[in-house]
Amino acid sequence: VTTLLNEMSTIPGNFLLVLDDYHSIDSKPVDQSLAFLIEHQPPQMHLLIATREDPDLPLARMRARGQCTELRVADLRFTPAEAAEFLNFVMGLNLSETDVAALEARTEGWIAGLQLAALSLQGHQDVTSFIQSFTGSHHFVLDYLVEEVLGQQPESIQAFLLHTSILERMCGPLCDAVLLDPSIPGQATLEYLQRANLFIVPQDNERRWYRYHHLFGDLLRKRLGQSLTPGGIARLQLHASEWYENNDLMLEAFRHAAGANDIERAVHLMESRKMPLHLRGTATAILDWLESLPKSLLDARPALWWKQAALLLRIGQPTGVEEKLQATEAALASTALPGADLDDTTRDLIGQIAAARANVAQVQAQTETIQFQTRRALEYLHPDNLSFRSVAIRSLGFAYYIEDNLTESGRAYAEAYSLAQAAGNIVDSSLASIRLGQVQEAENQLHLAAETYQGVLPVIEEYSPHNAPLAYLGLARIYYEWNDLDAAEKFGEQSLKLSRQFDQVVDRLVVSEVFLARLKLARRDVTGAMDKILQAEKTSRLKNYTYRL
């Protein structure tokens with residue numbers, strides 16, 4: 001190397017030394033020689049290395065000195081515009097903007113992936129359907145990834161890739177728990193895969209969490225299904241589920257239990273107090289799983305029918321709740337022994353069903369139904385079931401509110417708040433507070449109402465309960481009365497934004513739009529007010545909305 005450097009130093013003018021396919025090198029002496037060359041290279045020389053994996057060179061030191069420029073996956077991937085130009089002009093496919101965007105997202109801009117997809121698309125009549133189904137199992141992609149990537153790896157790495165493909169994201173300890181093989185250390189293997197650029201995508205700057213490229217993950221899961229029995233894959237899923245549970249990541253634990261088809265474990269996790277049901281995605285994931293279960297299994301477990309109804313209510317979707325409640329009652333009737341007294345669990349479930357019906361009746365302001373179902377709920381609910389007693393009494397407070405019995409309504413909401421607090425239920429206590437704020441507002445205690453609404457905003461920001469728009473709308477009305485139109489508009493817009501997330505509960509959306517129209521009029525913006533009114537009317541027609549809260 002010293003001799004080479006001496007000869008290079010005599011070359012006049014700038015020049016490039018290009019080393020292609022450096023990943024083929026597996027020699028420590030070669031790496032050391034190249035590091036020596038870089039350290040002593042003449043100023044007119046520039047080194048360019050093309051490689052599929054990070055070379056074993058002092059890259060960190062060179063970065064710190066500003067001595068290297070790196071082009072990585074993010075730099076090389078096609079943008080949507082580049083993908084469109086490549087697919088339509090180079091490959092001559094004439095795809096729509098929507099199809100290009102879908103294919104770019106599926107391949108994550110990977111240029112070879114786009115080319116393989118384009119080859120696969122040739123001759124297909126229904127392009128859109130093909131793109132929607134395009135995965136790592138399509139034969140061009142499959143052949144490329146198997147020959148160029150998977151087949152080049154040692155058996156231990158192949159085993160790691162296949163067994164961890166069940167994971168949506170990976171970290172070292174999780175991989176250790178799934179593989180249970182000390183000879184394949186999780187963190188070290190993940191770092192190797194990143195250095196080798198083996199279609200692994202870091203999810204943070206600390207190099208803790210990773211995921212596989214979508215198409216590569218598809219391939220790995222297909223190959224896993226060919227190499228392991230369903231029971232073997234289920235064991236991997238259960239290992240992952242146990243690790244996630246031990247690390248208080250309950251939704252991921254639940255998903256892997258469901259993936260293993262372990263009903264008992266999935267139900268246990270679903271009912272865990274640590275399950276983040278306040279997150280809309282959590283409720284949706286559990287609902288999707290429950291919907292996938294056969295009716296015979298649900299009928300044998302009435303509580304699973306009930307859980308669907310409860311989750312629909314939690315995310316503010318009353319449509320379909322009554323159907324699930326009736327299925328719960330039918331399942332209870334079919335499993336009950338003739339002439340036997342109801343046990344505490346069954347009685348409590350009947351009480352929860354009544355509380356749910358009282359909750360649903362609020363949407364149509366059916367005060368008689370609310371009061372009847374609330375009384376039934378309080379009769380059947382177990383005395384220790386403070387959360388559902390809070391829900392039932394909160395419904396009763398709503399019935400009193402509609403009847404303009406503000407005194408009784410305030411008492412009911414205050415009691416509902418206390419019960420929810422005693423149960424440690426942050427979401428239900430915030431819902432009771434919001435309703436209490438409405439009563440205070442109706443009694444013209446505006447400062448007290450504003451204080452009540454403000455008190456629940458931190459909870460709303462973290463948990464986003466379905467009644468959250470009412471707190472922002474209440475604050476908007478109060479600031480409107482105080483002639484602080486800027487603050488009123490800010491809270492009104494927040495109410496509208498949240499209402500769109502819970503579009504099954506239409507009154508929040510319409511009332512927010514009408515309020516903003518009033519605000520526009522106060523600012524003498526007649527055109528803006530008319531736009532809001534027309535939007536409210538359109539929403540009302542689309543949603544068949546007739547009742548105004």
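This structure is a prediction, so every number in the text was calculated from the model and none was measured.

Bringing the overall build of the chain into the picture now. Per the secondary structure count, the chain includes 30 helices and four strands. A compact globule built from 549 residues would reach a C-alpha radius of gyration of about 24 Å, whereas the chain, at 31 Å, exceeds it by more than 25%. Structurally, the chain occupies a C-alpha span of about 95 × 70 × 50 Å along its principal axes. Of the contacts made within the chain by residues no fewer than 6 positions apart, 61% connect residues no fewer than 24 positions apart.

Moving on: the packing of helix 21 (residues 344-361) against helix 23 (residues 386-402). In a pair of packed helices, the angle between the axes and the distance between the axes together describe the arrangement. Interaxial distance between helix 21 and helix 23 falls to 9 Å at its minimum, and their mutual angle equals 30 degrees. The interaxial crossing formed by helix 21 with helix 23 has left-handed handedness. Seen from helix 21, the contacting residues are Gln352, Ala355, Ala358 and Asn359; seen from helix 23, they are Phe388, Val391, Ala392, Arg394 and Ser395.

Our next topic: the pattern of salt bridges. Going through the model one piece at a time under the given rule, you end up with 22 salt bridges. Note that Glu245 and Arg265 form a salt bridge whose closest N and O atoms lie 2.7 Å from each other. Of this pair, Glu245 sits in helix 14 (residues 230-246) while Arg265 is found in helix 16 (residues 263-270), placing the two residues 20 residues apart along the sequence. One salt bridge connects Asp428 with Arg394, and the closest N-O pair in it is separated by 3.7 Å. Of this pair, Asp428 sits in helix 25 (residues 426-442) while Arg394 sits in helix 23, and the two are 34 residues apart along the sequence. According to the relative accessible area criterion, Arg394 is buried, its value standing at 7%. Within this structure, Asp54, Arg63, Glu70 and Arg72 form a network of salt bridges that share partners.

With that settled, consider unusual backbone geometry. The phi dihedral of Asn444 is positive, around 65 degrees, even though this residue is not glycine. The residue Asn444 is located in the loop between helix 25 and helix 26 (446-463) in this model. Despite not being glycine, Arg524 shows a phi value in the positive range, around 65 degrees. Its place among the elements puts Arg524 in the loop between helix 29 (506-522) and helix 30 (526-543). Judged by relative accessible area, which is 76%, Arg524 ranks as exposed.

Among the surface-exposed residues, Leu16, Val18 and Leu48 lie close enough to one another that they form a single nonpolar patch of about 280 Å² accessible area. Owing to a relative accessible area of 39%, Leu48 belongs among the partly exposed residues under this scheme.

Moving on, we come to the confidence of the model for the chain. For any part of a model where pLDDT is low, the fine detail of the predicted coordinates should not be relied upon. Residues at a pLDDT of 70 or more form 93% of the chain, whose mean pLDDT is 86. When mean pLDDT is compared element by element in the chain, helix 14 scores highest at 95, while helix 9 (residues 139-148) scores lowest at 63.

Let us look at helix 23. Helix length check: helix 23 (17 residues) gives 25 Å between terminal C-alpha atoms against 24 Å at 1.5 Å per residue, within 8%. Residues of helix 23 that are buried include every one of Arg389, Ser390, Val391, Ala392, Ile393, Arg394, Ser395, Leu396, Gly397, Phe398, Ala399 and Tyr401, and no others. Elements that come into contact with the buried residues of helix 23 comprise helix 21, helix 22 (367-380), helix 24 (406-423) and helix 25. Directly after helix 23, the chain includes Asp404, whose backbone phi takes a positive value near 65 degrees.

Its location among the elements puts Thr367 in helix 22. Accessibility expressed as a relative area gives 16% for Thr367, which makes it buried. Ignoring any residue separated from it by four or fewer positions in sequence, one finds Thr367 in contact with Ala399, Ile402 and Glu403.

In total, this model carries nine aromatic pairs according to the counting rule given. A centroid spacing of 6.2 Å and a plane angle of 70 degrees characterise the contact between Trp209 and Trp243, whose relative ring orientation is edge-to-face. Here Trp209, found in the loop between strand 3 (200-202) and strand 4 (210-212), pairs with Trp243, found in helix 14; they are 34 residues apart in sequence, far enough to count as distant. Here Trp209 matches Trp243 in class, with each residue buried. Where Phe254 meets Trp289, the ring centres are 5.3 Å apart and the plane angle is 90 degrees; that geometry is what we call edge-to-face. Residue Phe254 is found in helix 15 (residues 250-259), and its partner Trp289 is found in helix 17 (residues 280-292); the two are separated by 35 residues along the sequence. Residue classification places Phe254 among the buried positions, given a relative accessible area of 1%. A residue is classified by how much of its surface remains accessible, and Trp289, at 9% relative accessible area, is buried. Here a set of aromatic residues connected by ring pairs shows up, and it is made of Tyr472, Tyr479, Trp482 and Phe491. Residue placement shows Lys490 over the ring face of Phe491; its charged tip is 4.6 Å from the ring centre.

What counts, and at which threshold
- Residues numbered from 1 in each chain as written.
- Predicted model: local features only at pLDDT ≥ 70, side-chain atom pairs only at ≥ 80, totals over all residues.
- Heavy atoms only, no water.
- Helix = DSSP H or I, 4+ residues; strand = E, 2+ residues; numbered from the N terminus.
- Rg over C-alpha atoms; globule rule 2.2 N^0.38 Å.
- Contact = heavy atoms within 4.5 Å.
- Axes fitted to C-alpha atoms, helices over the stretch in contact; angles between N-to-C directions.
- Left-handed = near helix turned anticlockwise from the far one by under 90°.
- Salt bridge = Lys/Arg side-chain N within 4 Å of Asp/Glu carboxyl O.
- Buried < 20%, exposed > 50% of the residue type's maximum accessible area, 1.4 Å probe, protein only.
- Patch = residues over 30% accessible without salt bridge, like charges linked within 9 Å, V, L, I, M, F, W, Y side chains within 5 Å.
- Areas by Shrake-Rupley, 256 points an atom, 1.4 Å probe, with all protein chains shown as cover.
- pLDDT = per-residue confidence, 0-100.
- Expected span 1.5 Å × (residues − 1).
- Phe/Tyr/Trp six-rings, centres within 6.5 Å; stacked < 30°, edge-to-face > 60°.
- Lys NZ or Arg CZ within 6 Å of the ring centre and 35° of its normal.

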